[in-house]
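Listed here are the chains, written in short residue letters.
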Amino acid sequence: MSYLTDEIASQPECWAKAIELAASAGPELPAPGERVAVIGCGSSLNVARCYAALREAAGQGETDAFPASEVPAARRFDRLVYVSRTGTTTEVLDALRRAPAGVRTTAIAADPGSPLVQEADAVLLLDFCAERSVVSSRFITSALVLLRAHLGEDLRALPDAAARELARPLPPGLADHREFTFLGRGWAAPVADEAALKLREASRTWAESYPALEYRHGPISVSDETTVVWALGQVPPSLRADARRTGAMVIASDADPLVALTSAQRLAVELAERQGIDPDQPRALSRSVILA
């Protein structure tokens, strides 16, 4: 069994711990009214984008999300939040070290000895969801659960919902398809991006993602009987009907988008194993991008 399989299965327990941590986070995370930038790479960037959408929707202040390599130098913020599983990613460390003097910095990471944790002003340490697989699963979802809970969402039922989802078999025939399109609205759009990224990373599968209502504006043209169109969160029934008319298999539910993401993670492992690919060691990837 792969490390990734075990790490996916452990998410309910990790989420419960993240909810507990949020209750004591206090000033380590942004206060209402602060102007905030959230910074990350890869899956951590998807966390940043989710949080930015959720924080603004909650009325807690202007919040931007940036790839670590693309933080604008001229923009001014009250707080910079850096999300990095290992705390060693070169672009993230460069962005932290370029932070303007006087701007408070917060790190969300899993490794207590990492440079990011050592150099940031404040730290939320998620060492309980550290991972051995190159492909990240529980750190990413737990970081987002932490941030959502700190925004005031009541997530006490979420770990049990994830446990039920993880106990269900994947839909019959799902892994027989060759192409996957993930759709989401609002903060679920970056969750859709994360789902597609897991399939690409772990199994080299053709997968794409879009804000849901953009699907009709071109991407629908490639959907056919070989395609799965997977809606994460609330997607209009008329859009799902349009996808079905292409011949695609359509997956949709009322589950929280993070809960639904756990099934996309499991699908990524199944697709990898069918092809004889080790989902823990994706081609050309490493646990952290460290540049010379």
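Residues numbered from 1 in each chain as written. Predicted model: local features only at pLDDT ≥ 70, side-chain atom pairs only at ≥ 80, totals over all residues. Heavy atoms only, no water.

Considerations on the packing of aromatic side chains
Just so we agree on the cut-off: Between the rings of Phe, Tyr and Trp (Trp by its six-membered ring), a pair exists once the centres lie within 6.5 Å; its type follows the angle of the planes, with under 30 degrees stacked, over 60 edge-to-face, and the other angles tilted. In this text, helices come from DSSP runs of H or I with a minimum length of four residues, and strands from runs of E with a minimum of two, each type numbered from the N-terminal end.
Enumeration over the complete set of coordinates arrives at two aromatic pairs. On the basis of an interplanar angle of 70 degrees and a centroid distance of 6.2 Å, the ring pair of Phe-66 and Phe-77 is categorised as edge-to-face. Taken as a pair, Phe-66 in strand E2 (residues 63–67) and Phe-77 in the loop between E2 and strand E3 (79–83) lie far apart in primary sequence, 11 residues in all.

Quick look at the side chain of Thr-141
Put simply, the test is: Throughout, a residue-residue contact means that at least one pair of heavy atoms, one from each residue, lies within 4.5 Å.
For Thr-141, the position within the fold is in helix H6 (residues 138–150). Aside from chain neighbours lying at most four places away, what touches Thr-141 is Gln-11, Trp-15, Leu-258, Leu-261 and Gln-265.

What to know about the nonpolar core
Here is the rule: Residues belong to one nonpolar core when they are buried, are Ala, Val, Leu, Ile, Met, Phe, Trp, Tyr or Cys, and are joined through side-chain atoms within 4.5 Å. For each residue, the accessible area found with a 1.4 Å probe, counting protein chains only, is set against the maximum for its type, and the residue is called buried under 20%, exposed over 50%, and partly exposed in between.
By size, the foremost hydrophobic cluster in this structure holds 65 residues, and its most contacted members are Ile-108, Leu-174, Phe-180, Phe-182, Trp-230 and Leu-267. Setting aside chain neighbours within four positions, we find Leu-174 in contact with Phe-180, Val-228, Trp-230, Met-249, Ile-251 and Leu-267. Ala-37, Tyr-82, Val-103 and Ala-107 belong to the second largest nonpolar core, which has 17 residues in total.

So, the packing of helix H2 (residues 11–23) against helix H7 (residues 158–167)
Note the threshold: For helices, the fitted axis covers only the stretch in contact; all axes are lines through C-alpha atoms, and the angles between them, taken along N-to-C directions, range from 0 to 180 degrees. When describing relative orientation, an angle under 35 degrees is termed roughly parallel and one over 145 degrees roughly antiparallel, while 65 to 115 degrees is termed roughly perpendicular and anything else oblique. Note on residue classes: Ala, Val, Leu, Ile, Met, Phe, Trp, Tyr, Cys and Pro are nonpolar, Asp, Glu, Lys and Arg are charged, and everything else, Gly too, is polar.
Two numbers describe how H2 lies on H7: the axes approach to 8 Å, and their chain directions differ by 170 degrees. Considering their axes alone, H2 and H7 lie roughly antiparallel with respect to each other. Residue-level inspection shows Pro-12, Trp-15, Ala-16 and Ile-19 of H2 in contact with H7, the latter providing Leu-158, Pro-159, Ala-162, Ala-163 and Leu-166. Taken together, the residues of the contact of H2 with H7 break down into nine nonpolar, no polar and no charged.

Some thoughts on H7
Put simply, the test is: The directions from the helix axis to the C-beta atoms form the arc being described.
Taken residue by residue, H7 has Leu-158, Pro-159, Ala-162, Glu-165 and Leu-166 as its buried positions. Down the axis of H7, the buried side of the element spans an arc of 120 degrees, and every buried residue falls inside it. Pointing more than 90 degrees away from the buried face of H7 are the exposed residues Asp-160 and Ala-167. Where the residues of H7 are buried, they touch helix H1 (3–9), H2, H6 and helix H10 (257–274).

Quick notes on unusual backbone geometry
Non-glycine residue Arg-204 carries a positive phi angle of around 55 degrees. If you trace the backbone, Arg-204 turns up in the loop between helix H8 (188–203) and strand E7 (206–211). A relative accessible area of 44% means that Arg-204 is categorised as partly exposed.

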